[in-house]
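Each chain, written out:
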Amino acid sequence: MVENLVIVESPAKAKTIEKFLGKGYLVTSSFGHIRDLSKKDFGIDIANNYTPNYEISPDKKKVVTELKKIAKEAQMVWLASDEDREGEAIAWHLSEVLQLDLKKTKRIVFHEITKEAILHAIETPRQIDYNLVNAQQARRVLDRLVGFELSPVLWKKVKPSLSAGRVQSVAVRLLVEREREIMNFVPQSAFRVLSQFNKADTNPVDLKAELNTRFVTANEAESFLNHCKQAAFTVSDISKKPTKRTPAPPFTTSTLQQEASRKFGFSVSQTMTLAQHLYEAGKITYMRTDSVNLSDAAIESAATEITSEFGEKYLKTRRYKTKSKGAQEAHEAIRPTYMNKSTIPGNANEKKLYELIWKRTLASQMSDAELEKTTITIDIENSKHKFLAQGEMIKFDGFLKVYIESTDDEEEDGGKSLLPIINAGQKLGYQSISATQKFTLNPPRYTEASLVRKLEELGIGRPSTYAPTISTIQNRGYVIKEDRAGKERGYLQFTLKDNKITKADKTEVFGTEKSKLFPTDIGMVVNDYLLEHFPNILDFNFTADVEKQFDDIAEGDMVWHKMIDEFYHPFHNRIEGALEIVGRKSGERNIGNDPKTGKPVIVKIGRYGPMAQIGDNEDDEKPQYAALRRDQHIETITLEEALELFKLPRDLGLFETKKVVAAIGRFGPYVRHDNKFYSLKKGIDDPYTVELDRAIELIQEKRVSDENKNIAVFQGTDGDIQILNGRFGPYIVYNKQNYRIPKGKEVKELTLDDCLEIIKNSPEKPPRKKGK
DNA sequence: CAGTGAGCGAGCTTCCGCTTGACTT
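None of the values given here were measured: they were computed from a predicted structure. (Residues numbered from 1 in each chain as written. Chains lettered and ligands numbered in written order. Predicted model: local features only at pLDDT ≥ 70, side-chain atom pairs only at ≥ 80, totals over all residues. Heavy atoms only, no water.)

Assigned secondary structure in chain A consists of 20 helices and 30 strands. Principal-axis analysis of the C-alpha atoms places the extent of chain A at approximately 95 × 85 × 65 Å. Counting all 772 residues of chain A, 46% fall into the buried class. Of the contacts formed within chain A by residues at least 6 apart in sequence, a portion of 68% connects residues at least 24 apart. Taken as a whole, chain A presents about 42200 Å² of accessible surface, with 49% of it coming from carbon and sulfur. Placing the 117 positive and 113 negative side-chain charges of chain A at their respective mean positions leaves the two points 2 Å apart. (Helix = DSSP H or I, 4+ residues; strand = E, 2+ residues; numbered from the N terminus. Buried < 20%, exposed > 50% of the residue type's maximum accessible area, 1.4 Å probe, protein only. Contact = heavy atoms within 4.5 Å. Areas by Shrake-Rupley, 256 points an atom, 1.4 Å probe, with all protein chains shown as cover. Lys, Arg positive; Asp, Glu negative; His and termini not counted. Charge placed at Lys NZ, Arg CZ, Asp CG, Glu CD.)

Inspection of the region around DNA strand B gives 55 residues, with His33, Ser161, Tyr286, Tyr608 and Asn675 positioned closest. Backbone atoms, meaning sugar and phosphate, form 52% of the atoms of DNA strand B found within 4 Å of the protein. Contact between DNA strand B and arginine 144: a base nitrogen at 3.2 Å from a side-chain N or O atom of the residue. At 2.8 Å, a side-chain N or O of serine 464 approaches a phosphate oxygen of DNA strand B. Elements represented by at least two residues in the surface near DNA strand B include exactly helix H5 (130-157), helix H9 (268-280), strand S21 (609-614), strand S22 (624-627), strand S25 (668-673) and strand S26 (676-679). The dominant element in the surface near DNA strand B, judged by the number of residues it contributes, is H5, at nine residues. Looking at side-chain class alone, the surface near DNA strand B contains 19 nonpolar, 18 polar and 18 charged residues. (Near = heavy atom within 4 Å. Polar contact = N/O pair within 3.5 Å; in protein donor to acceptor, adjacent residues only side chain to side chain. Nonpolar A, V, L, I, M, F, W, Y, C, P; charged D, E, K, R; others polar.)

This paragraph deals with the packing of aromatic side chains. Under the definition given, this model contains 17 aromatic pairs. A centroid spacing of 6.2 Å and a plane angle of 55° characterise the contact between phenylalanine 233 and phenylalanine 387, whose relative ring orientation is tilted. Here the residue phenylalanine 233 occupies a position in strand S11 (residues 233-245), and phenylalanine 387 occupies one in strand S13 (residues 386-396), the gap between them amounting to 154 residues. For the pair phenylalanine 233 and phenylalanine 387, one class covers both residues: buried. (Phe/Tyr/Trp six-rings, centres within 6.5 Å; stacked < 30°, edge-to-face > 60°.)

Geometric values such as these leave the question of function open.
Structure representation (structure tokens):
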């Protein structure tokens with residue numbers, strides 16, 4: 001029997017708090033929300049003031065039973081979930097489900113996990129704030145209504161199993177709109193002029209300078225270089241300007257995801273998994289937070305660390321205020337639990353992430369860096385243009401000693417080099433001057449992390465959902481994360497050297513993308529459909545607007561189901577209106593006519609994805625169909641590219657009296673013979689040109705490797721027990737299940753009894769989850 | 001587990017936010 005039961009949300013937190021409270025207190029956790037809306041009939045009684053119908057979540061049944069048992073015996077139950085909308089709702093659900101006696105229930109909150117904070121919370125309990133709970137119910141009901149009414153519209157109008165929601169649909173919209181901006185982007189070019197000067201008299205000095213204008217035409221660039229042949233160059237001004245740089249605030253979920261992505265290339269889910277490990281090991285504070293606040297204790301221990309490591313001069317205590325929209329600040333910023341540990345044991349990635357967090361936290365409490373920016377201006381005789389050389393010198397490193405924040409921008413070359421000592425009036429001579437054609441860059445594609453940053457900026461989504469949202473839009477096929485090769489383009493370069501101008505045609509590769517998010521055809525079609533019929537849900541301000549109303553509910557100034565009612569009626573009307581319109585949305589595009597038949601060539605989303613067809617469905621003759629390749633898109637494919645697709649499948653001829661055909665399938669190019677498939681070799685074979693001889697070679701190769709595949713066969717009660725040679729080594733197949741062979745067994749010597757033993761001892765496999 | 005693209009119908013999919021496992025062919 002326990003005197004006091006304290007319930008928090010996270011088990012790791014429970015463990016820590018129990019240490020602070022000591023005897024008489026049992027601290028346990030609810031593992032987040034314990035119940036949710038039923039999936040039947042929306043889980044909402046719409047006609048009856050939107051009364052929610054809650055069910056204990058299946059994976060929480062055990063926890064709830066356990067909590068019920070303890071709560072019954074406890075003299076006092078302390079509901080200590082987070083101090084935000086969701087936390088308050090968790091406290092309320094607990095009190096309802098556990099049927100807590102209000103006289104024996106107290107609600108407590110704390111923002112940091114320190115002994116003082118927790119003891120203080122125990123001394124100042126309150127009751128559940130029902131206004132805040134209602135704000136959460138409004139949030140939950142709204143999301144359910146939007147998600148569960150919108151998604152089925154997509155199943156009917158676009159494709160089954162699709163989804164839409166307040167958060168994911170806006171995320172996709174951002175990607176689609178950026179992609180179209182890039183498609184429509186027309187690069188402009190101009191000539192950038194760089195000069196490599198030598199000091200005119202004795203020692204040659206390395207001084208690079210850039211002209212303060214760029215020339216639009218090659219003629220202008222060339223004639224400027226001509227002018228430079230005879231011109232004198234004079235240093236006219238040297239200006240020095242002190243500047244400073246300030247450290248970035250401590251990490252939140254979103255900024256940690258961004259930095260881990262920029263510095264180490266981690267995906268957002270990878271970062272979160274690593275952070276979860278660090279949190280569970282007690283190395284860092286909670287990793288799902290929107291707060292930049294540090295506890296007094298943390299600031300103090302950071303100060304001690306800084307003073308002892310770098311000296312008083314490097315210390316500057318700073319308190320940060322969160323400014324992101326919709327922040328709820330139930331936690332601290334993400335920081336090391338112990339500031340005196342600059343590194344921890346663990347695997348390489350855990351170490352990297354921990355050290356990043358340690359450095360960022362420490363730097364946030366350090367002095368500004370003091371810099372001096374120098375600009376040297378060089379006049380050109382008889383010209384209004386000037387050359388500028390810029391340099392930056394660190395006078396005091398401050399926080400830069402431990403941490404420099406990265407940016408998303410590509411590295412700019414030059415500009416920040418160290419400058420030589422030089423005087424005004426100094427004459428300079430050039431070694432070479434070049435004018436290089438430079439193209440403007442298209443807006444950047446999003447990475448997972450930069451999309452999270454944008455969503456946070458718009459106040460859409462929460463720290464606990466950033467990573468899952470990014471996964472959802474990929475799982476639905478709206479978005480794909482991949483690398484894409486760049487394209488080549490030519491550019492001009494003029495170089496003036498030894499009084500001679502040379503012109504060069506050069507090529508560069510541009511637009512190379514690595515781990516970027518690309519919208520798919522489905523993503524674009526769904527986005528266009530939603531934008532056409534439900535512009536209010538897709539509005540970038542939709543979340544911010546409803547958040548304001550949730551705040552009013554939390555303040556007690558608005559009744560939650562009235563707010564929902566006002567939203568629901570016009571929304572539901574739009575749903576009905578959208579369903580009344582007949583036909584599907586397929587993103588259909590007519591890209592021209594087939595020169596052979598004169599029939600129209602159409603690209604659209606078919607039952608199995610993006611496809612091209614020659615001829616109308618109304619036509620007497622059946623249209624010809626072909627699936628688009630993975631790197632082709634409805635919006636950009638040309639007639640020529642589409643016609644190319646119809647050259648497959650290709651008839652290669654006969655082998656062993658059966659036809660051999662080459663084509664491209666879901667797993668890439670293949671040849672088919674006698675209903676069997678043989679993959680073409682990547683980078684060697686091309687389905688458009690492969691010949692019969694080569695196809696036969698591939699078939700025979702496969703036959704040989706298949707022969708080696710079978711090691712042994714035994715007769716089991718449920719059919720054959722096979723020992724096969726697979727991609728990962730030998731394994732056993734029996735009754736449609738695969739079994740791994742334990743180490744230390746000689747595969748060739750396995751007997752039937754050995755196999756049965758292995759099958760019996762291998763752990764029961766859980767049923768495969770549906771979907772991917 | 002690759003080829004298809006007509007049509008029917010049954011039964012399914014789906015949201016956002018709190019948490020952590022238990023998986024890793």
